[in-house]
Amino acid sequence: MTVITSNLNWGKDHWKAIIESDAKGYYAYLPAVFIYKDLNFDFFQFIEKEKYYNENLFYDYRTNTSNGKVINKYYCGTALVQLPFFIIAHFSSYLGHYEMDGYSKLYPVLISIAAIFYLLMGLFYLDSILDLYKVSEPQKILVLLSAVFGTNLFYYTVGEPGMSHIYSFAFIAMFIFYVKLFFLSFKNKYIIIISILLGIILLIRPINGLIVFIIPFLASNISAIKEGFNKAMSEKWQLVLSFCILTTILSIQLIYYKLATGDFLVYSYAEEGFNFLKPHISEILFSYKKGLFIYTPMFLLSLTGTYYLWKSSKFEFYSIITFLFLIVYIFSSWWMWYYGGSFSSRVFVEYIALFMILLAIALNRMQSRLLRIGYISSIVFFIFLCQLNTYQYRYNIIHWSEMTKEKYWNSYLQIGRLIK
């Protein structure tokens, strides 16, 4: 992964495009706090408009509040988890005589390394989750390969490493692992870990707090939920401590708002929001513009795991179906349901660990040898298709925003065009 990233992003002037679009806003907290001491981002004028100006990459991540203050539109959680890599970049820039302005070459390079690090962290915990589900080693390898190369996880690690999705993927995978572990062991020490992870997940992207609704599925049954609740209540001091940890993490964003605007609560997305009366469910899943199942059909294939849940545990089946419907409904209700320029539907990247659990369940419980061969063949084909689509997307054969049915089928499996 590092070799691929270095070849694509680190040479010539390619590093200048590592931090682009929304990623500029996520990252900007770091130079704002540690270099410019500027919580209203006035340094944007010099950095973005003059020193590193590029008309193709220009993006203003700032917004005005009701009291006239300028703030960062995006949340600070991504910057928080990028912080160790920013520190390394800052120190290395000093040693290597690069400009220590937060945007010279080593800073974006370390952000791309950060994305790889969190990818590996997420995969480590996904592997650990599969162990809890007693998935065999060969099946785990296939599932992990499917996660990386059969979904848009690969693209958001290599192609847009500054976006929040790869970081959310890692922490949600960790959250799933420790919640599952809690319901298997009923050890209260995991509640504190879960609160830390939930705080970071919310700080990165608040909407991903929806992950708490996956808890019933991970508990597996009503009895486990009751026992877990009773166990948690038996040591209330740990609940209080966990709540304090959670609120402390979330207060980072509120403190920023207070220092920058004078108010603790600010809605930075202005007129952007959800319209729950007009969800675009079919479009977010099946449209040629950004349909999740069209551009990354591995997600659709993984849903076969719900059939085996139906046969073995109606509780788990209804829990997972309810959760999937919830996130699809809410994500498709965003005013821009296709989420701008993106490969497939990028808002599902963070939940890849969950889809891979379903894929593993299907692989693990499939009895028919012929059916298994067909299923594995489909997995291999969808990995190939996803990588081809990723390549086409990177080179604008699949357009970043304006795809149609005609454009899709005209470019479908067009390998020859790529070789030329």
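Heads up: the structure comes first, above all this text.
Treat the numbers as computed from the prediction; the structure is a model and nothing was measured.

Engineer: Got a sec to walk through the overall build of the chain? Specific residues and values, please.
Structural biologist: Broken down by element type, the chain carries 21 helices and 2 strands. If one aligns the C-alpha atoms of the chain with their principal axes, the spans along those axes are about 65 × 65 × 50 Å. Evaluated residue by residue, the chain yields a buried proportion of 54% over its 420 residues. Considering only intrachain contacts with a sequence separation of at least 6, the fraction spanning at least 24 residues in the chain is 75%. Put simply, the chain shows about 18900 Å² of open surface, and 65% of that area lies on carbon and sulfur atoms. The centroid of the 34 positive side-chain charges in the chain is displaced by 9 Å from the centroid of its 25 negative side-chain charges.

Engineer: How would you sum up the pattern of salt bridges? Please name residues and give values.
Structural biologist: One pass over the full model with this rule turns up 11 salt bridges. Close ionic contact of Asp 60 with Arg 62 constitutes a salt bridge, the shortest N to O distance being 2.9 Å. By relative accessible area, Arg 62 is classed as buried at 18%. The shortest N-O distance in the salt bridge between Asp 127 and Lys 140 comes to 3.2 Å. Of this pair, Asp 127 sits in helix α5 (residues 106-132) while Lys 140 sits in helix α6 (residues 137-149), and the two are 13 residues apart along the sequence. Taken together, the salt bridges that share partners define one network made up of Asp 127, Asp 131, Glu 137 and Lys 140.

Engineer: An account of the packing of aromatic side chains is needed here, citing residue identities and associated values.
Structural biologist: Within the structure shown, the criterion is met by 62 aromatic pairs. Note on Tyr 36 and Phe 43: the rings are 4.5 Å apart at their centroids and 10° apart in plane angle, and the pair reads as stacked. On the accessibility criterion, Tyr 36 (27% relative accessible area) is partly exposed. Across the ring face of Tyr 338, the terminal group of Lys 289 is positioned such that the distance to the ring centre comes to 4.4 Å.

Engineer: Give me the lowdown on the packing of helix α9 (residues 189-204) against helix α12 (residues 236-261), citing residues and values where you can.
Structural biologist: One way to put it is that α9 packs onto α12 with a least axis distance of 9 Å and a crossing angle of 15°. By the angle class used here, α9 and α12 are roughly parallel. The handedness of the crossing between α9 and α12 is right-handed. Across the interface between the two elements, Lys 189, Ile 191, Ile 192, Ser 195, Ile 196, Leu 198, Gly 199, Ile 200, Leu 202 and Leu 203 of α9 pack against Gln 238, Leu 239, Leu 241, Ser 242, Ile 245, Leu 246, Ile 249, Leu 250, Ile 252 and Gln 253 of α12. Classifying every residue of the contact of α9 with α12 gives 14 nonpolar, 5 polar and 1 charged.

Engineer: Quick one: what's the story with the side chain of Ser 333, residue by residue and with numbers?
Structural biologist: With respect to the helices and strands, Ser 333 occurs in the loop between α17 (314-331) and α18 (352-365). For Ser 333, a relative accessible area of 1% gives the class buried. Sequence-distant contacts of Ser 333, that is, excluding residues within four places in its chain, are made with Gly 273, Phe 274, Asn 275, Phe 276 and Pro 279.

Engineer: Summarise helix α19 (residues 369-394); cite the residues concerned and give the values.
Structural biologist: Relative to the 38 Å expected for 26 residues at 1.5 Å per residue, α19 spans 38 Å between its end C-alpha atoms, a close match to the ideal helical length. Among the residues making up α19, those that are buried are Tyr 375, Ile 379, Phe 382, Ile 383, Leu 385, Cys 386, Leu 388, Asn 389, Thr 390, Gln 392 and Tyr 393. One or two positions beyond α19, positive phi appears at Asn 396, with a value near 65°.

Engineer: Describe the packing of α17 against α18, and please don't skip the residues or the numbers.
Structural biologist: Taken N-terminus to C-terminus, the directions of α17 and α18 make an angle of 145°; their axes are 13 Å apart at the nearest point. Classified by chirality, the crossing of α18 by α17 is left-handed. Contacts from Ile 320, Phe 323 and Leu 324 in α17 reach Leu 354, Phe 355 and Leu 358 in α18. For the contact of α17 with α18, the class distribution of residues is 6 nonpolar, no polar and no charged.

Engineer: Talk me through the environment of Pro 31; I want residue IDs and the actual numbers.
Structural biologist: Tracing the chain through its elements places Pro 31 in helix α2 (residues 22-34). Look at Pro 31 and you get buried, because its relative accessible area is 0%. The sequence separation of Pro 31 and Phe 86 amounts to 55 residues, and the corresponding C-alpha distance is 8.8 Å.

Engineer: So what about helix α16 (residues 305-312)? Which residues, and what values?
Structural biologist: Inspection of α16 places Gly 305, Thr 306, Tyr 308 and Leu 309 among the buried residues, and these make up the whole buried set. Projection of α16 onto a plane perpendicular to its axis shows the buried side chains occupying an angular sector of 160°, all on one side. Next to the buried residues of α16 lie α10 (215-219), α15 (298-302), α17, α18 and α19.

Engineer: Residues and numbers for unusual backbone geometry, please.
Structural biologist: With a phi close to 50°, Ser 21 is a non-glycine residue in the positive phi region. Positionally, Ser 21 belongs in the loop between α1 (2-10) and α2. Here Ser 21 falls in the partly exposed class, since its relative accessible area comes to 30%. For Ser 344, which is not glycine, the phi dihedral falls at a positive 60°.

Engineer: I'd like a description of the environment of Phe 124, backed by residues and values.
Structural biologist: As for its position among the elements, Phe 124 is in helix α5. By relative accessible area, Phe 124 is classed as exposed at 51%. For the pair Phe 124 and Pro 138, spaced 14 residues apart in sequence, the C-alpha to C-alpha distance is 16 Å.

Definitions and limits used
- Residues numbered from 1 in each chain as written.
- Predicted model: local features only at pLDDT ≥ 70, side-chain atom pairs only at ≥ 80, totals over all residues.
- Heavy atoms only, no water.
- Helix = DSSP H or I, 4+ residues; strand = E, 2+ residues; numbered from the N terminus.
- Buried < 20%, exposed > 50% of the residue type's maximum accessible area, 1.4 Å probe, protein only.
- Contact = heavy atoms within 4.5 Å.
- Areas by Shrake-Rupley, 256 points an atom, 1.4 Å probe, with all protein chains shown as cover.
- Lys, Arg positive; Asp, Glu negative; His and termini not counted.
- Charge placed at Lys NZ, Arg CZ, Asp CG, Glu CD.
- Salt bridge = Lys/Arg side-chain N within 4 Å of Asp/Glu carboxyl O.
- Phe/Tyr/Trp six-rings, centres within 6.5 Å; stacked < 30°, edge-to-face > 60°.
- Lys NZ or Arg CZ within 6 Å of the ring centre and 35° of its normal.
- Axes fitted to C-alpha atoms, helices over the stretch in contact; angles between N-to-C directions.
- Parallel < 35°, antiparallel > 145°, perpendicular 65-115°, else oblique.
- Left-handed = near helix turned anticlockwise from the far one by under 90°.
- Nonpolar A, V, L, I, M, F, W, Y, C, P; charged D, E, K, R; others polar.
- Expected span 1.5 Å × (residues − 1).
- Arc of directions from axis to C-beta.

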